Amino acid sequence: MAGGLWPSLLLMAAVVAAVALSRLGPGRRRGASLREFLSTFQICACTNELCLLAAAELPPPAALPLTYGLTVLHGVTLAGSAGNPCGTLQQAWAGAVRPRAAALRIGAQFAAAVLARGFMQLVWSLGAAEAHVGARWQRCGHPLQTTEVQAFFIELLFSAVFQLAVLRVDLIHPNLRVHFIALLITMLVYSGGNLTGAIFNPALAFSLHPYCFYENFLSYSLVYWLAPSLGKFLKMLSTLRNNHYYK
């Protein structure tokens, strides 16, 4: 398994390096939409590869540390970007981003999600890594291993918990913040990954399971788009209510 893991690790490292160079290149001032596009592409491409590894040969004891490590890497290299339509909606709700700009960023995020999936499928078709050979990525993997109602509330709850942590992360020492978020995401994946995948990112969900959306768009859009978005807004409404109460 270790030998077959190295090509995938090198592939993810190449994606991260390419995105980093693009963000630091001459186009770095083109706007927030480009940054969101690049950030979402990196997250989706690396997570697609990680999920393929987990489905093919990677046991949970190895998958969880790799999830933690990748999340730390994303946090360090993609600082200042949301990489998540829910995060962009939150910024628009708070008035930090105008509606038109938010719509452009969300469009860029979904475009990056589609491109990342297409890129990874092209790489997988080459069969360069052991996990890529014979991988069944051209069909729906049926990530929902529970009822749709339970899956909806799992994604909603995880999104609200994650948002709560993000809002309170300023209380943590700066050097530990990215590790705290990475640990939280890893714990959520461990808790609900076998039921829904614990994605709570609409663009990432579409990139990971495009064929599932094609087969049953309503169910998957409710679980992976509406639920995490609603979780974000419920937490923001709770925060506004608490602020009003203490005033």
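All figures in this text were calculated on a predicted structure; none of them were measured in a lab.

S.K.: Lay out the UniProt feature "transmembrane region" (unreviewed entry) in the protein chain in plain terms, naming residues and giving numbers.
M.R.: The feature "transmembrane region" (unreviewed entry), as annotated in UniProt, sits at residues 6-25 and 181-205 in this numbering. Spanning residues 181-205, this segment combines 64% helix with 0% strand, and its end C-alpha atoms are found 19 Å apart.

S.K.: Any chance you could break down helix H6 (residues 148-168) for me, citing the residues and the numbers?
M.R.: The terminal C-alpha atoms of H6 lie 30 Å apart, and with 21 residues this matches the ideal 30 Å at 1.5 Å per residue to within 8%. Among the residues of H6, those classed as buried are Ala 151, Phe 152, Ile 154, Glu 155, Leu 156, Phe 158, Ser 159, Ala 160, Phe 162, Gln 163 and Ala 165.

S.K.: Can you break down the packing of helix H2 (residues 32-56) against helix H5 (residues 99-126) residue by residue, with the values?
M.R.: It is the contact of H2 with H5, at a shortest axis distance of 7 Å, that shows an interaxial angle of 35°. In the crossing of H2 with H5, the sense of the turn from one axis to the other is right-handed. Each residue belonging to the contact of H2 with H5 can be placed in one class, and the counts come to 16 nonpolar, four polar and four charged.

S.K.: How would you explain the packing of helix H4 (residues 85-93) against H5 if you had to name every residue and give the values?
M.R.: Running from N to C, H4 and H5 point in directions that differ by 175°, and their axes come no closer than 9 Å. In terms of orientation, H4 lies roughly antiparallel with respect to H5. Contact residues: H4 offers Pro 85, Thr 88, Leu 89, Gln 91 and Ala 92, while H5 offers Ala 102, Arg 105, Ile 106, Gln 109 and Phe 110. Of the residues contributing to the contact of H4 with H5, the split by class is six nonpolar, three polar and one charged.

S.K.: Can you lay out a nonpolar patch on the surface for me, pointing to particular residues and giving the numbers?
M.R.: Together, Leu 218, Leu 222, Leu 226, Leu 230 and Leu 234 make up an exposed nonpolar region whose accessible area comes to about 430 Å². Along the chain, Leu 222 falls in helix H10 (residues 217-246). Assessed through its relative accessible area of 34%, Leu 222 is described here as partly exposed.

S.K.: Talk me through the environment of Val 189; I want residue IDs and the actual numbers.
M.R.: Checked against the element boundaries, Val 189 lands in helix H7 (residues 174-192). Val 189 sits in the partly exposed class, given a relative accessible area of 23%. The sequence separation of Val 189 and Tyr 68 amounts to 121 residues, and the corresponding C-alpha distance is 9.9 Å. When near neighbours in sequence (up to four residues on either side) are disregarded, Val 189 contacts Leu 64, Thr 67 and Ala 198.

Each value, and the rule that gives it
- Residues numbered from 1 in each chain as written.
- Predicted model: local features only at pLDDT ≥ 70, side-chain atom pairs only at ≥ 80, totals over all residues.
- Heavy atoms only, no water.
- UniProt positions renumbered as here; feature names shortened; annotations may be inferred.
- Helix = DSSP H or I, 4+ residues; strand = E, 2+ residues; numbered from the N terminus.
- Expected span 1.5 Å × (residues − 1).
- Buried < 20%, exposed > 50% of the residue type's maximum accessible area, 1.4 Å probe, protein only.
- Axes fitted to C-alpha atoms, helices over the stretch in contact; angles between N-to-C directions.
- Left-handed = near helix turned anticlockwise from the far one by under 90°.
- Nonpolar A, V, L, I, M, F, W, Y, C, P; charged D, E, K, R; others polar.
- Parallel < 35°, antiparallel > 145°, perpendicular 65-115°, else oblique.
- Contact = heavy atoms within 4.5 Å.
- Patch = residues over 30% accessible without salt bridge, like charges linked within 9 Å, V, L, I, M, F, W, Y side chains within 5 Å.
- Areas by Shrake-Rupley, 256 points an atom, 1.4 Å probe, with all protein chains shown as cover.
- Salt bridge = Lys/Arg side-chain N within 4 Å of Asp/Glu carboxyl O.

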